[in-house]
Amino acid sequence: MAKRSLYQRLRSTAQVRLALFVLGVLLILISPIIGVLPGPGFLILFPVGLMLCLQNSAWAKRIYVRFKWRHPRYAGWTDRVMRRTSAARRRAREALENRANAD
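Small disclaimer: the values here were computed from a predicted structure and weren't measured. (Residues numbered from 1 in each chain as written. Predicted model: local features only at pLDDT ≥ 70, side-chain atom pairs only at ≥ 80, totals over all residues. Heavy atoms only, no water.)

(A) Geometry of the side chain of N56. By secondary structure assignment, the location of N56 is in helix α3 (residues 41-56). Using a relative accessible area of 8% as the deciding quantity, one classes N56 as buried. A distance of 2.8 Å separates the side chain of N56 from the backbone oxygen of L52, its partner in a polar contact. What N56 contacts, discounting residues up to four positions off in sequence, is Y7, R11, R17, L20 and F21. (Helix = DSSP H or I, 4+ residues; strand = E, 2+ residues; numbered from the N terminus. Buried < 20%, exposed > 50% of the residue type's maximum accessible area, 1.4 Å probe, protein only. Polar contact = N/O pair within 3.5 Å; in protein donor to acceptor, adjacent residues only side chain to side chain. Contact = heavy atoms within 4.5 Å.)

(B) Highlighting the packing of helix α2 (residues 14-35) against α3. Relative orientation of the contacting elements α2 and α3 amounts to 155°, with a least axis distance of 7 Å. By the angle between their axes, α2 is roughly antiparallel relative to α3. At the point where α2 passes α3, the crossing takes the left-handed sense. Across the contact of α2 with α3, the residue classes break down as 16 nonpolar, 7 polar and 1 charged. (Axes fitted to C-alpha atoms, helices over the stretch in contact; angles between N-to-C directions. Parallel < 35°, antiparallel > 145°, perpendicular 65-115°, else oblique. Left-handed = near helix turned anticlockwise from the far one by under 90°. Nonpolar A, V, L, I, M, F, W, Y, C, P; charged D, E, K, R; others polar.)

(C) Up close: the packing of α3 against helix α4 (residues 58-70). Following both chains from N to C, one finds α3 and α4 inclined at 115°, their axes separated by 5 Å at the closest point. Our classification of the angle between α3 and α4 gives roughly perpendicular. Packed against α3, whose contacting residues are C53, L54, Q55 and N56, the element α4 presents A58, A60, K61 and Y64 at the interface. The residue makeup of the contact of α3 with α4, split by class, is 5 nonpolar, 2 polar and 1 charged.

(D) Up close: the confidence of the model for the protein. Counting all residues, the mean pLDDT for the protein is 82, and 85% of those residues have values of 70 or more. Model confidence for the protein, summarised as mean pLDDT per element, is weakest for helix α5 (residues 72-82) at 69 and strongest for α2 at 90. (pLDDT = per-residue confidence, 0-100.)

(E) Seen up close, the nonpolar core. Core analysis: the largest hydrophobic core is formed by 6 residues, namely F21, L50, C53, L54, A60 and Y64. Ranked by residue count, the leading element in this core is α3, at 3 residues. (Core = buried A, V, L, I, M, F, W, Y, C linked by side-chain atoms within 4.5 Å.)

(F) Expanded view of a nonpolar patch on the surface. Taken together, the side chains of L18, V22, V25, L26, L29 and I30 present a nonpolar region at the surface, about 500 Å² in accessible area. Classification of V22 by relative accessible area gives partly exposed; the value is 40%. (Patch = residues over 30% accessible without salt bridge, like charges linked within 9 Å, V, L, I, M, F, W, Y side chains within 5 Å. Areas by Shrake-Rupley, 256 points an atom, 1.4 Å probe, with all protein chains shown as cover. Salt bridge = Lys/Arg side-chain N within 4 Å of Asp/Glu carboxyl O.)

(G) Quick look at the environment of F67. Secondary-structure assignment places F67 in helix α4. Exposure remark for F67: the relative accessible area of 31% places this residue in the partly exposed category. With residues up to four places along the chain from it excluded, the contact list for F67 reads Y74 and A75.

Now the structure itself:
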């Protein structure tokens, strides 16, 4: 069996998961404030905060899945920014379908 990383071992406790979720929410809330400053602060803080929320909360995952279902265009963008493997598989599958339809 492979050894789990330190991050995965820490996330196994409820207190750490809650703290990471709260940190993610704070990063999401702070990102528009940082966005008015020069530099790419918003583009870094928002996806990191979203990633922390999605990794540590089933409630946030359910809301995100509903958002993806209702707004597939925006959901694809957020998947790409967060480098989700499901987005990469979906893009590869769509490329294969497009090639098959073109022939």
